[in-house]
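# Analysis of the macromolecular model
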Amino acid sequence: MDLFDYMRNANMNQTAPLASRIRPTTLEEVVGQQHIIGKDKLLYRAIQADKLRSIIFYGPPGTGKTTLAKVIAHTTSAEFQQLNATMAGKKDMEEVVRKAKDALGMYGKKTILFVDEIHRFHKGQQDYLLPFVEDGTLILIGATTENPYFEVNSALISRSVIFELKPLEKNDIKILLERAVTDKEKGMGAYNAVLEPAAEEFLADISNGDARLALNAIELGILTTAPSEDGKIHITEEVAEQCIQKRVLRYDKDGDNHYDVISAFIKSMRGSDPDAAVYYLARMLYAGESIEFIARRIMICAAEDVGNADPQALQVAVAAAQAVHQVGMPEAQIPLAQAVTYVASAPKSNASYLAIERAMNLVKNSKTMPVPAHLQDAHYKGAEKLGHGIGYQYAHNFPGHYVKQQYLPDGLTGERFYEPTRNGYEARISDYLDSLDRFA
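Report follows, based on the coordinates. No experiment lies behind these values; they were computed from the predicted model shown. (Residues numbered from 1 in each chain as written. Predicted model: local features only at pLDDT ≥ 70, side-chain atom pairs only at ≥ 80, totals over all residues. Heavy atoms only, no water.)

Turning our eyes to something else, we now look at the pattern of salt bridges. Summed over the entire model, instances satisfying the criterion amount to 12 salt bridges. The shortest N-O distance in the salt bridge between D102 and R98 comes to 3.1 Å. Remark: R98 and D102 occur in helix 6 (residues 90-107); sequence separation between them is 4 residues, near one turn of the helix. The residue R159 makes a salt bridge to E134 at a minimum N-O spacing of 2.1 Å. A residue pair is termed long-range when its members are at least 10 positions apart, and R159 in the loop between helix 9 (154-158) and strand 5 (161-164) and E134 in helix 7 (residues 123-134) qualify at 25 residues. R159 gets classed as partly exposed once you look at its relative accessible area, which sits at 29%. What you see here is one network of salt bridges that share partners, running through E95, R98 and D102. (Salt bridge = Lys/Arg side-chain N within 4 Å of Asp/Glu carboxyl O. Helix = DSSP H or I, 4+ residues; strand = E, 2+ residues; numbered from the N terminus. Buried < 20%, exposed > 50% of the residue type's maximum accessible area, 1.4 Å probe, protein only.)

With that out of the way, let us pick up the environment of G288. Checked against the element boundaries, G288 lands in the loop between helix 15 (274-286) and helix 16 (291-306). Judged by its relative accessible area of 7%, G288 falls in the buried class. Between the alpha carbons of G288 and S207 there is a distance of 7.4 Å; along the sequence they are 81 residues apart.

Turning to helix 6, a few remarks are in order. Its 18 residues place the ends of helix 6 25 Å apart at the C-alpha level, agreeing with the 26 Å of an ideal helix rising 1.5 Å per residue. Among all positions of helix 6, only M93, V96, V97, A100 and A103 are buried. Down the axis of helix 6, the smallest arc covering the buried residues is 125°, so these residues share one side. Exposed residues on helix 6 whose side chains face more than 90 degrees from its buried face are K90, K91, G105 and M106. Structurally, helix 6 contributes buried residues whose contacts are with strand 2 (79-84), strand 3 (111-116), helix 7 and strand 4 (138-144). (Expected span 1.5 Å × (residues − 1). Arc of directions from axis to C-beta. Contact = heavy atoms within 4.5 Å.)

For the rest of this paragraph, the subject is the nonpolar core. Counting residues in hydrophobic clusters, the biggest one holds 30 residues, and the most contacted among them are L203, I218, I222 and I235. Those elements giving two or more residues to this core turn out to be helix 2 (18-21), helix 10 (170-182), strand 6 (193-195), helix 11 (197-206), helix 12 (211-224), strand 7 (233-235) and helix 13 (237-244). Beyond its immediate stretch of four places on either side in the chain, I235 contacts V194, L195, E196, A199, I218, G221, I222 and T225. Core analysis: the next-biggest nonpolar cluster, separate from the first, contains 29 residues, V306, V324, A332 and L336 among them. (Core = buried A, V, L, I, M, F, W, Y, C linked by side-chain atoms within 4.5 Å.)

Overall, parallel pairing links the 5 strands, which are arranged 2-3-4-1-5 in an open sheet. Strand pairing shows two members of the sheet lacking a second neighbour, strand 2 and strand 5, which therefore form its edges. With strand direction ignored, the average angle separating the axes of adjacent strands in the sheet is 15°. In this sheet, strand 3 lies alongside strand 2 in parallel orientation, the contact comprising 6 bridges. Bridge pairing in strand 3 places Q82 opposite F114. (Pairing = 2+ DSSP bridges. Axes fitted to C-alpha atoms, helices over the stretch in contact; angles between N-to-C directions.)

Okay, the packing of aromatic side chains next. Evaluated as defined, the whole model comprises 3 aromatic pairs. Between the aromatic rings of F57 and F163, the centroid separation amounts to 6.3 Å while the plane-to-plane angle is 45°, which identifies the pairing as tilted. Separated by 106 residues along the polypeptide, F57 in strand 1 (residues 55-58) and F163 in strand 5 bring together distant segments of the chain. Accessibility classification places F57 together with F163 in one group, the buried group. Their ring planes at 65° and their centres at 5.1 Å tell us that Y279 and Y280 sit as a pair that is edge-to-face. (Phe/Tyr/Trp six-rings, centres within 6.5 Å; stacked < 30°, edge-to-face > 60°.)

Here strand 1 shows two buried faces, one formed by I55 and F57 and the other by I56 and Y58. Pairing between strand 1 and strand 4: 4 bridges, direction parallel. Looking at the pairing, I56 lines up with G142 of strand 4. Inspection of the sheet shows strand 1 paired to strand 5 by 4 bridges, in the parallel sense. Bridge pairing links Y58 to E164 in strand 5.

Treat this as a map of the structure, not an account of what it does.
Put into C-alpha cells, the structure is as follows:
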C-alpha cells in the first residue's frame, strides 16, 4: 500500500456512512445472531480456530452478513479478497484467482473470497468459481438476501455451509443505537447527542430488524438537528420519525393494539369486506409487521373461512406466501394485497373447519374404533388369511365411479362431520354428495 492508498482509505473511514464505520471487528462486538455465533456454535468455533470452509450467509438486509465477513477478515490468517457481484466482471474474478494461486503457491496461505450479493452472479460466473472452491484455492463466503437454494449454483451449495441470519431483535437494535450515539471513535459520540427513550423505542421497532436502517436514521438525525439550549442534540420521536420518513402508528407488535388490528384484519376478510381488509393490511405493513406472519394469517383464513366454497382461495394464499418469501418488501405488498382481496371477495364456508373440529373432538373423547376389515391393507403377506381387504369394492368399477359401502368404523356409521353449505363451489359438492345417497 502506497501513501495515496493509505490516505484514500483513511478518508473513506472518516466519510463512510455510520453503519459502515461502526461495524464490529471482533466476534465479541457482534450484536445478535447468537443462534449461529454463540460461543458453543459451529461458526463461532470455526472463526476462532481460523478453520473456515466455504459458507453462505443468507438473510434480510441489515442483519449482519457483511459484518460477519469483515469480522472474519480481521481474524483470519488467510488472504482476504472481496468482490461485489453487482459490479464484478470476469477480469476481476480472474485477478482474484491469480492472487489466490500465488498466495497458496509462494506462501502456503489460503485465500478467502467474500462475494457480496452473490445471487447477482449469473450461472457462468458461479460456475467459474466452482473448480477453485473445489480444489481449495478459494474459500468462498457468499452473502445474499435471496434464498440460496433458488439463486446459487447447486454445486456451490453442496460445497458450502448455509447460515441463515435472522432480523435483529428490538433490544439488539437498541444496543447498536446506543453504541452509535456514544462511541466517539467510530460513532457519533463527538456530537454530544441524546437519544430520547421514545425515539429509541420507535427506531428499534420501525426498523423491523434492519440495523442499517436504524443507524442511517440516527446518523441523519444527529447531522441535521441543531443543538438545544443545553448544548446537546436531542433526538426526539418527532426527529426520528422525520429521519426514517415514517409516521408513528399506534401499533405495538407486543401489545393489545397488535392483536386488535390482526383481529380486525381477519374478521374483515371473513366478513367479505375487501376494502377494510386491505386497509388493515396497509396498517400492518406500514408499522413493520412481519410479512411472513401476515401471509400465514391469510392462508389460515382461506382454509378456515372460505374453504371449499372457493378452493382456489387457498391456492392464491399459498402462492402469495411463496412470493413474499421470494421477493421481500416493498414488492411483497402486491401479492399480499392480491391474496387479501381475493380471500375477502370469495364466497365463504367454514364447513371444512367444522368437520375437522367435530372429528377431532370425537377422536379425543371416544374409544378408538378398529378400521373395517374390508378397508384394511391387503398387500402384505398373510393379510388375506386375516380377512384384510376381503369384500372391498373398487369404486372405479361401478357406474359413476361410486359404490355404496361402509367406510366409517362400526358404531360410527351415519356420523356426519362434513356438512357442505350452499355457497359458491361448495353447492356443487353438496349436490354431488346428496346424489350419492350415502346415508340411506
